[in-house]
Amino acid sequence: MWGMSYGGKVGRYLAAQSERVARFVLMGTPLGLGVSGKPRQDAIDFCSHWPPIMQAQRDGTLNLDSLSKNDRDVLQRLNVPVMLGWVRAMLDWPTVEPADFRCPTLWLIGSEDQRAMANLKEYEQALQGSKVQVHIAKGMGHEQVFDEVDRVFPITLAFTQS
């Protein structure tokens, strides 16, 4: 199983709780809580900001001109009700530590992904003796570990076939 970013958050729970996952590739996703720090506050803010807007839209009373340009863009680009569901759920997800993984896990982090690199430093001690091996993709940011398939695929393929 492979999981990148949000997919990595979901996947890490499966890899920590299911015997059915033989190998897991965790890409650009921190360990620990489902969401923490500033992203946690952003999630809390999102969950308080959007429900009244969604209710007004359902009631037919939403005046789009009353919304900020950013809110109008979000409504146009994203499925806000679906996002509210998964963002709310993520706030309640428990911590996942390196020792929790039941299967060999490759934690692939871009060297320019500051959040994941900071998280790696937090977990350096806990990684020792765990089923998690770390690969740092030099010069890559968060999105690049997914987008630069030619550089990343050989690493992940070798891990999944080992």
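Just so it is clear, the structure is predicted and the values come from calculations on it, not from any experiment.

Chemist: Residue-level account of the nonpolar core, with values.
Modeler: Within soluble globular proteins, side chains that are nonpolar generally end up buried alongside one another. Judged by nonpolar contacts, the single largest core of 35 residues is most densely connected at W50, V80, F101 and W107. Going through the elements one at a time, α1 (6-17), β2 (24-27), α2 (37-59), α3 (69-77), α4 (80-91), β3 (105-110) and α5 (114-122) are the ones with two or more residues in this core. In this structure W50 touches D71, V74, L75, V80 and L84, once residues within four positions along its chain are discounted. Core analysis: the second largest hydrophobic core is formed by 10 residues, L106, A137, V152 and F159 among them.

Chemist: Quick rundown of the pattern of salt bridges? Include the residues and the values.
Modeler: Using the criterion set out here, one finds 4 salt bridges in the structure. Residue R102 is joined to E19 by a salt bridge in which the shortest nitrogen-to-oxygen separation is 2.8 Å. Taken as a pair, R102 in the loop between α4 and β3 and E19 in the loop between α1 and β2 lie far apart in primary sequence, 83 residues in all. With its nearest N and O atoms 3.0 Å apart, the salt bridge here joins D73 to K69. Of this pair, D73 and K69 both sit in helix α3, separated by 4 residues, roughly a single helical turn. Classification of K69 as exposed rests on a relative accessible area of 54%.

Chemist: Account for the environment of F24, with residues named and values stated.
Modeler: When you line up the elements, F24 lands in strand β2. Taking relative accessible area as the criterion, F24 reaches 0% and is therefore assigned buried. Between the C-alpha atom of F24 and that of T156, which follows or precedes it by 132 residues, the distance is 9.5 Å.

Chemist: Describe in detail the pairing of β2, supporting the description with residues and values.
Modeler: Alternating residues of β2 divide into F24 and L26 and V25 and M27, and every residue in both groups is buried. With 3 bridges connecting them, strand β1 (residues 2-4) and β2 associate as parallel partners. The partner of W2 across the bridge, within β2, is V25. For β2 and β3, the ladder comprises 4 bridges, and the chain directions are parallel. Residue pairing across strands places L26 opposite W107, the latter belonging to β3.

Chemist: Got a sec to walk through the sheet that holds strand β4 (residues 132-137)? Specific residues and values, please.
Modeler: Sheet architecture is open: 4 strands sit in the order β1-β2-β3-β4, paired in parallel fashion. Each having just a single partner strand, β1 and β4 make up the two edges of the open sheet. Ignoring strand direction, the axes of neighbouring strands in this sheet form an average angle of 15 degrees. Two strands pair when backbone bridges link them, and β3 and β4 are joined in this way by 6 bridges, in the parallel orientation. Residue G110 lies in a different strand from β4, and its bridge partner there is A137. Packing of helix α8 (residues 149-161) onto the sheet brings it into contact with β1, β2, β3 and β4, and relative to β3 it is tilted by some 165 degrees.

Rules of the game
- Residues numbered from 1 in each chain as written.
- Predicted model: local features only at pLDDT ≥ 70, side-chain atom pairs only at ≥ 80, totals over all residues.
- Heavy atoms only, no water.
- Core = buried A, V, L, I, M, F, W, Y, C linked by side-chain atoms within 4.5 Å.
- Buried < 20%, exposed > 50% of the residue type's maximum accessible area, 1.4 Å probe, protein only.
- Helix = DSSP H or I, 4+ residues; strand = E, 2+ residues; numbered from the N terminus.
- Contact = heavy atoms within 4.5 Å.
- Salt bridge = Lys/Arg side-chain N within 4 Å of Asp/Glu carboxyl O.
- Pairing = 2+ DSSP bridges.
- Axes fitted to C-alpha atoms, helices over the stretch in contact; angles between N-to-C directions.

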